[in-house]
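Understanding the architecture of this molecule
The chain contents come next:
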Amino acid sequence: MQKLNEFFSGGGDGEGTNDSFLEDGSEGLCSLSTTQRMYGFAASLAAGLLLMFLSMIVFVVPIKFALLFTFGNVLAIGSTAFLMGPEQQINMMLDPVRIYATSIYGGCVLLALICALLIHSKILTVIAILCETCALIWYSLSYIPFARRMVSEIMIRLCDTEL
């Protein structure tokens, strides 16, 4: 576990460094050890991926699909809160670089749940899930430097039709 902690903190010289992001914010009432954080991350991510996989099995029933897929997405995104802490996760989500992507993703998650649970419209649920998936991809690209700009330029070149 020490080697993993050194890897994440950027130190590889073997000296004990306590400035890792896995150790940040571990004081307080709900403090978890590094091992507990890794287990929480793995369990939450595995549960989210399992729910997303199970949603593919019930794809023909869009309402069950939307519920499983959406909750799987939320679990998978929330799993990183175990690594860096919920406060740091929220701060990163509300960073000016990705505030719009976070808002659109959250709105699409809410829209998918409303379409599935309240409206019971299969076509609206499928459309909301497609929007949620696109918003999740755009949100995830915000963590990779220049990825959104590159994807935007590729899409402009692919969709540019000069008649």
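Attention here is on the structure that accompanies the text. Residue numbers here run from 1 along each chain, matching the order of that chain's written sequence. Only residues with pLDDT of 70 or above have their local features reported here, since the model is predicted, and side-chain atom pairs are shown and tallied only from 80 upward, although totals for entire chains, interfaces and linings are computed over all residues. Side-chain measures here rest on the full set of heavy atoms in the structure, leaving out hydrogens and waters.

**Examining the overall build of the protein**
Numbering of helices and strands runs from the N terminus; a helix is a DSSP stretch of H or I covering at least four residues, while a strand is a stretch of E covering at least two. Secondary structure summary: the protein contains eight helices and zero strands in total. Reading the helices (α) and strands (β) of the protein from amino to carboxyl end gives α-α-α-α-α-α-α-α. Burial analysis of the protein (163 residues in total) assigns 31% to the buried set. Pairs of residues are marked as contacts when any of their non-hydrogen atoms sit within 4.5 Å. Partitioning the intrachain contacts of the protein with sequence separation of at least 6 by distance along the chain shows that 55% fall at a separation of at least 24. Note on areas: these come from Shrake-Rupley sampling with a 1.4 Å probe, and a residue is covered only by the protein chains present in the view. About 10600 Å² of surface is accessible on the protein, with carbon and sulfur atoms providing 71% of the total. With a 1.4 Å probe rolled over the protein chains alone, any residue whose accessible area is under 20% of its type maximum counts as buried; one over 50% counts as exposed, and the rest are partly exposed.

**Quick look at the packing of helix H3 (residues 62-78) against helix H7 (residues 122-141)**
Each pair of packed helices can be summarised by the angle the axes make with each other and by the distance between the axes. Structural elements are reduced to axes, namely lines fitted to C-alpha atoms, with helices fitted over the stretch in contact, and the angle between N-to-C directions of any two is expressed from 0 to 180 degrees. Interhelical geometry of H3 versus H7 gives an angle of 20° and a closest axis separation of 9 Å. When the axis of H3 is compared with that of H7, the two are roughly parallel. Relative to H7, the crossing made by H3 is left-handed. Seen from H3, the contacting residues are Pro62, Phe65, Ala66, Phe69, Thr70, Asn73 and Ile77; seen from H7, they are Lys122, Thr125, Val126, Ile129, Glu132, Thr133, Leu136 and Tyr139. Three residue categories are used. Nonpolar comprises Ala, Val, Leu, Ile, Met, Phe, Trp, Tyr, Cys and Pro, charged comprises Asp, Glu, Lys and Arg, and polar comprises the others, including Gly. Of the residues that constitute the contact of H3 with H7, the class distribution is nine nonpolar, four polar and two charged. Small angles under 35 degrees read as roughly parallel and large ones over 145 as roughly antiparallel, with 65 to 115 read as roughly perpendicular and the rest as oblique. Crossings are assigned a handedness: left-handed for a near helix turned anticlockwise from the far helix by less than a right angle, right-handed for a clockwise turn.

**Some thoughts on the state of the cysteines**
To count as a disulfide, a pair of cysteine sulfur atoms needs to be within 2.5 Å. Counted according to the given criterion, the structure contains zero disulfides. Lacking any disulfide linkage, Cys131 is separated from the closest cysteine sulfur, that of Cys108, by 5.2 Å.

**Here's the deal with the packing of aromatic side chains**
Aromatic rings in a pair are described by how distant their centres are and how their planes are angled relative to each other. For Phe, Tyr and Trp, where Trp contributes only its six-membered ring, two rings pair if their centres lie within 6.5 Å, and the inter-plane angle classes them as stacked under 30 degrees, edge-to-face over 60, or tilted in between. For the structure shown, the criterion picks out four aromatic pairs. Taking 5.0 Å as the distance between ring centres and 80° as the angle between the ring planes, the aromatic pair formed by Phe59 and Phe65 counts as edge-to-face. Consider the rings of Tyr105 and Tyr139, whose centres lie 6.2 Å apart with planes at 20°: the pair is stacked. On the criterion of sequence distance, the pair formed by Tyr105 in helix H6 (residues 99-119) and Tyr139 in helix H7 is long-range, its members being 34 residues apart.

**Here's the deal with the layout of surface pockets**
There is about 260 Å³ of room inside the second largest pocket. Only protein atoms enter the calculation, which uses a 1 Å grid: trapped sets of points that fit a 1.4 Å probe without letting it out are cavities, open sets showing protein on both sides within 12 Å along at least five of seven lines are pockets, and any residue with an atom within 4 Å of a point is a lining residue. Ala76, Ile77, Thr80, Tyr139 and Tyr143 are the residues nearest the centre of the second largest pocket, which is lined by 13 residues in total. Listed by contribution, the elements that provide at least two residues to the lining of the second largest pocket are helix H2 (34-57), H3, helix H4 (80-84) and H7. Taken together, the residues of the lining of the second largest pocket sort by class into nine nonpolar, four polar and no charged. Grid points are joined across faces, edges and corners, and a volume is the space filled by probe spheres set on the points.

**Focus on H3**
Between the first and last residue of a helix there are one fewer steps than residues, each counted as 1.5 Å, and that sum is the expected span. With 17 residues, H3 extends 24 Å between its outermost C-alpha atoms, agreeing within 8% with the 24 Å of an ideal straight helix rising 1.5 Å per residue. For H3, the complete set of buried residues consists of Pro62, Phe65, Ala66, Phe69, Thr70, Gly72, Asn73, Ala76 and Ile77. Each buried residue of H3 lies within a common arc of 165° when the element is viewed along its axis, so the set occupies one face. Starting at the helix axis, one direction is taken to each C-beta atom, and the arc is that of these directions.

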